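Fold and geometry: a report
Listed below are the residues making up each chain.
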Amino acid sequence: MNVQDMKTRLLSLVETFKEKESELTDLDRAIGDGDHGVNMVRGFEALEQGLDDTDMKSLFKSTGMTLMSKVGGASGPLYGFSFVKMANVVKDDIDKENLKEMIAAFSEAVKQRGKVELNEKTMYDVIERTREALDNDENIDFNTLQSYADETKNMIATKGRASYFKEDSKGYIDPGAQSSVYILNAMIGGEVE
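Since this is a predicted model, take the numbers as computed values, not measurements. Each chain carries its own residue numbering, running from 1 in the direction its sequence is written. With pLDDT at 70 or above as the cut-off, local features in this predicted model cover only qualifying residues; side-chain atom pairs require 80 or more to be listed or tallied, and sums for whole chains, interfaces and linings still use all residues. Side-chain descriptors were evaluated using all non-hydrogen atoms of the structure, hydrogens and water having been removed beforehand.

Strands here mean DSSP runs of E at least two residues long; helices mean DSSP runs of H or I at least four residues long; both are numbered from the N terminus. Tracing the backbone shows S169 in the loop between helix 7 (142-151) and helix 8 (175-188). Within 3.5 Å is the distance limit for a polar contact, defined as a pair of N or O atoms, with the added protein rule that one can donate a hydrogen and the other accept it, and that residues adjacent in sequence qualify only through two side-chain atoms. A polar atom in the side chain of S169 sits 2.9 Å from the backbone nitrogen of A157.

Spelled out as C-alpha cells, the structure:
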C-alpha cells in the first residue's frame, strides 16, 4: 500500500466517526464522560488540514501530531503517540511484514503510554489481539476486529475513567476499543498483500 492509498484510508475515517459518533458517545456516556464520539470526529476532521503526505513517515507523524492536539480525553495522546511511534517503522510501501511491525509499534505505544495490560477493558485489548493475530498470519477483517471489541463487554474496567464504575462497567463495550476497531480496519482493511 502506498502513501496516497493510506492517506485516503485515514481521511475516510472522518466519515466513519461521523456515522458512529452517537454510538461511541453512548458507550462513553455509560462508562466514561460521554465525549469520545465528538472527540474522534474533531480529531479526524482536523486531519485534512494537518496531513503531510510527502512520504509514509510524514503521513503517520503528521496524523499523530494532529490527533494529539485535536482529540480530547485520553484517546488523543494514546492515538497520537501511537501514530508517531508507527511513523518510526512504517515503510513507503506497506507490505504484510511491515504491517506487522506497524501494529506491533501501535500496541507497544498504547501499552507504554496507557500503562495497560490485556483484559483491562481498553483499546489495548483490540490492538494487542490484532497484533497477535497478524503475527500468526491470521486474516483480519472488520468482523474479527469487532469480535475483539465485543470481548471487552464482559470485562471489568481497571483503567481510565471507566474504572470508577467497577462492576457497573460490565455490559458495555469499551469506547476506545470500539474506536480502535475503525482505525485498525482503515489501516488493515482488505489486508495488505
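As a further point, take the UniProt feature "domain: DhaL" (unreviewed entry) in the protein. As recorded in UniProt, the sites labelled "domain: DhaL" (unreviewed entry) are residues 4-189. Summarising residues 4-189: 68% helix, 0% strand, and an end-to-end C-alpha distance of 15 Å. UniProt positions are given in the numbering used here, feature names are shortened, and annotations may be inferred rather than shown by experiment.

Another aspect to go through is the environment of Q178. The residue Q178 is located in helix 8 in this model. Sequence separation of Q178 and M123 is 55 residues, and the distance between their C-alpha atoms is 7.3 Å. Contacts are residue-level and defined by heavy atoms, with any inter-residue pair within 4.5 Å sufficient. Residue contacts for Q178: discarding those within four places in its chain leaves E23, L24, L27, Q146, A149 and I173.

What follows is about the packing of aromatic side chains. Two rings from Phe, Tyr or Trp (for Trp, the six-membered ring) form a pair when their centres are within 6.5 Å of each other. A pair whose planes differ by under 30 degrees is stacked, one over 60 is edge-to-face, and the rest are tilted. Counting across every chain of the model gives 6 aromatic pairs. Ring geometry for F83 against F106: centres 6.3 Å apart, planes inclined by 45°, an arrangement best described as tilted. Here F83, found in helix 4 (residues 75-87), pairs with F106, found in helix 5 (residues 96-114); they are 23 residues apart in sequence, far enough to count as distant. Residue exposure (1.4 Å probe, protein chains only): buried if accessible area is under 20% of the type maximum, exposed if over 50%, otherwise partly exposed. Classification of F83 by relative accessible area gives buried; the value is 0%. Of the residues examined, F106 reaches a relative accessible area of 0% and is grouped as buried. A network of ring pairs unites the aromatic residues F17, F44, F142 and Y182 as a single cluster. For a lysine, the NZ atom is tested; for an arginine, the CZ atom; a charge sits over a ring if that atom is within 6 Å of the ring centre and within 35 degrees of the ring normal. Directly above the aromatic system of F81 lies the positively charged group of R113, at a separation of 4.9 Å from the ring centroid.

Moving on, we come to helix 4. End to end, helix 4 covers 18 Å across 13 residues, agreeing with the expected 18 Å (1.5 Å per residue, within 8%). Of all 13 residues that make up helix 4, 10 are buried, and the element is covered over most of its length. Three or more residues of helix 4 are buried, namely S75, G76, L78, Y79, G80, F81, S82, F83, M86 and A87. In the core, the buried residues of helix 4 are packed alongside helix 1 (3-31), helix 2 (36-50), helix 3 (56-70), helix 5, helix 6 (123-135) and helix 8. By definition here, a helix of n residues has an expected span of 1.5 Å times n minus one.

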